[in-house]
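# Understanding the architecture of this molecule
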Amino acid sequence: MTNNDYILFTVPIRAAAAPPTTWRPAIDAHCLAVGGTTEERATLLSAIAADFSAAGWSVQRGDTIEKQREIVTDIWVLMEQRYSQLMSDPSSREMLDPILLVVDEGEALTRAARAEPEARAVTEQLRDLLSLARSAKIHVLLGANTPDMELLSADMRDNLAVRIPVDGATRDHQLMRA
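I will try to describe carefully the structure that is included in this document. Quick caveat: nothing in here was measured; it's all calculated off a predicted structure. (Residues numbered from 1 in each chain as written. Predicted model: local features only at pLDDT ≥ 70, side-chain atom pairs only at ≥ 80, totals over all residues. Heavy atoms only, no water.)

## A short note on the overall build of the chain
For the chain, the count of helices and strands is seven helices and seven strands. Each helix and strand of the chain, placed in order from N terminus to C terminus, yields the pattern α-β-β-β-α-β-α-β-α-α-β-α-β-α. A burial count over the chain gives 46% of its 178 residues as buried. Residue pairs at least 24 apart in sequence account for 76% of intrachain contacts in the chain once pairs closer than 6 positions are excluded. Summing over all exposed atoms, the chain offers an accessible surface of approximately 8500 Å²; the carbon and sulfur share of this is 52%. (Helix = DSSP H or I, 4+ residues; strand = E, 2+ residues; numbered from the N terminus. Buried < 20%, exposed > 50% of the residue type's maximum accessible area, 1.4 Å probe, protein only. Contact = heavy atoms within 4.5 Å. Areas by Shrake-Rupley, 256 points an atom, 1.4 Å probe, with all protein chains shown as cover.)

## Focus: the environment of Leu78
On the secondary structure map, Leu78 appears in helix 3 (residues 65-88). With 60 residues separating them along the chain, Leu78 and Ile138 place their C-alpha atoms 9.2 Å apart.

## Focus on unusual backbone geometry
With a phi close to 60°, Lys137 is a non-glycine residue in the positive phi region. Residue position: Lys137 is located in the loop between helix 5 (120-132) and strand 6 (138-144). When its relative accessible area of 1% is taken as the criterion, Lys137 is described as buried.

## Things to note about the packing of aromatic side chains
Summed over all chains, the structure comprises five aromatic pairs. With 5.3 Å between their ring centres and 35° between their planes, Phe9 and Trp57 make a pair best called tilted. Pair noted here: Phe9 is in the loop between helix 1 (3-8) and strand 1 (11-13) and Trp57 is in the loop between helix 2 (38-54) and strand 4 (58-61), with a separation of 48 residues, a long-range link. Its relative accessible area of 12% is what places Phe9 among the buried residues. Summarising the aromatic geometry, the rings of Trp23 and Phe52 are spaced 5.2 Å apart at their centres and angled 55° between planes, so their arrangement reads as tilted. (Phe/Tyr/Trp six-rings, centres within 6.5 Å; stacked < 30°, edge-to-face > 60°.)

## Examining the sheet that holds strand 7 (residues 162-165)
Pairing in this open sheet of five strands is parallel, and the strands run 4-5-6-3-7 from one edge to the other. Of all strands in the sheet, those bounded by a partner on one side alone are strand 4 and strand 7. Averaged over all neighbouring strand pairs, the angle between strand axes comes to 15°, with direction disregarded. Examined bridge by bridge, strand 4 and strand 5 (residues 99-103) share four bridges and lie parallel to one another. Each bridged residue has a counterpart across the sheet, and for Gln60 the counterpart in strand 5 is Leu101. Contacting strand 4, strand 5 and strand 6, helix 3 crosses the sheet at an angle of about 150° to strand 5. Packed onto the sheet, helix 5 meets strand 5 and strand 6 and runs at close to 125° relative to strand 6. (Pairing = 2+ DSSP bridges. Axes fitted to C-alpha atoms, helices over the stretch in contact; angles between N-to-C directions.)

## Topic: the nonpolar core
Counting residues in each nonpolar core, the largest one holds 22 residues, and the members touching the most others are Leu101, Leu129 and Ile138. Excluding anything up to four places from it in sequence, Leu129 contacts His30, Val72, Ile75, Trp76, Met79, Leu101, Ile138 and Val140. The next biggest cluster of nonpolar side chains, apart from the first, holds 20 residues, and it includes Ile13, Ile48, Ala49 and Leu141. (Core = buried A, V, L, I, M, F, W, Y, C linked by side-chain atoms within 4.5 Å.)

## Details of the packing of helix 3 against helix 5
Here helix 3 crosses helix 5 at 45°, and the two axes come no closer than 9 Å. If you check the angle between helix 3 and helix 5, you find them oblique. Viewed along their axes, helix 3 and helix 5 form a crossing whose handedness is left-handed. The residues of helix 5 that touch helix 3, namely those facing Arg69, Val72, Thr73, Ile75, Trp76, Met79 and Tyr83, are Val122, Gln125, Leu126, Asp128, Leu129 and Leu132. Partitioning the contact of helix 3 with helix 5 into residue classes produces nine nonpolar, two polar and two charged. (Parallel < 35°, antiparallel > 145°, perpendicular 65-115°, else oblique. Left-handed = near helix turned anticlockwise from the far one by under 90°. Nonpolar A, V, L, I, M, F, W, Y, C, P; charged D, E, K, R; others polar.)

Following this line, the structure appears as structure tokens:
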């Protein structure tokens with residue numbers, strides 16, 4: 001994928017309960033799918049991930065909480081490596097391959113981190129990714145049933161510009177409960 005293709009890349013969002021919309025990651029770096037059943041959300045996230053994959057993006061997604069924690073950490077490490085590269089050669093950004101990180105069941109990931117002190121770093125890594133990863137061509141697609149403050153802090157929410165109601169969730173759901 002060329003840098004121009006990356007800049008122009010637009011994904012159609014086909015959530016049953018939401019009006020048709022699109023996501024352009026080069027402009028709005030990260031996306032949140034809110035509400036619905038686990039199956040509805042997983043189906044939507046899979047469809048979006050398939051569109052990214054078909055366009056030549058690397059899509060990283062775990063099917064268990066343990067695998068998601070591992071992938072979040074791996075992508076965070078990659079982001080740090082890319083930042084080091086970009087510091088020494090800013091023009092190298094054009095050569096970076098874009099990556100989509102899919103995190104489903106965000107609440108379960110957060111609960112697991114609270115239960116295991118050594119896993120708390122994962123929520124900090126996710127916060128860093130939402131704040132910084134766009135510069136390294138890394139984008140996050142996050143699925144959550146009820147994305148309240150326990151899952152997403154205000155600064156994390158601010159970086160999730162594209163919000164999709166999976167099941168016709170109210171505007172409050174989309175904006176996220178405080």
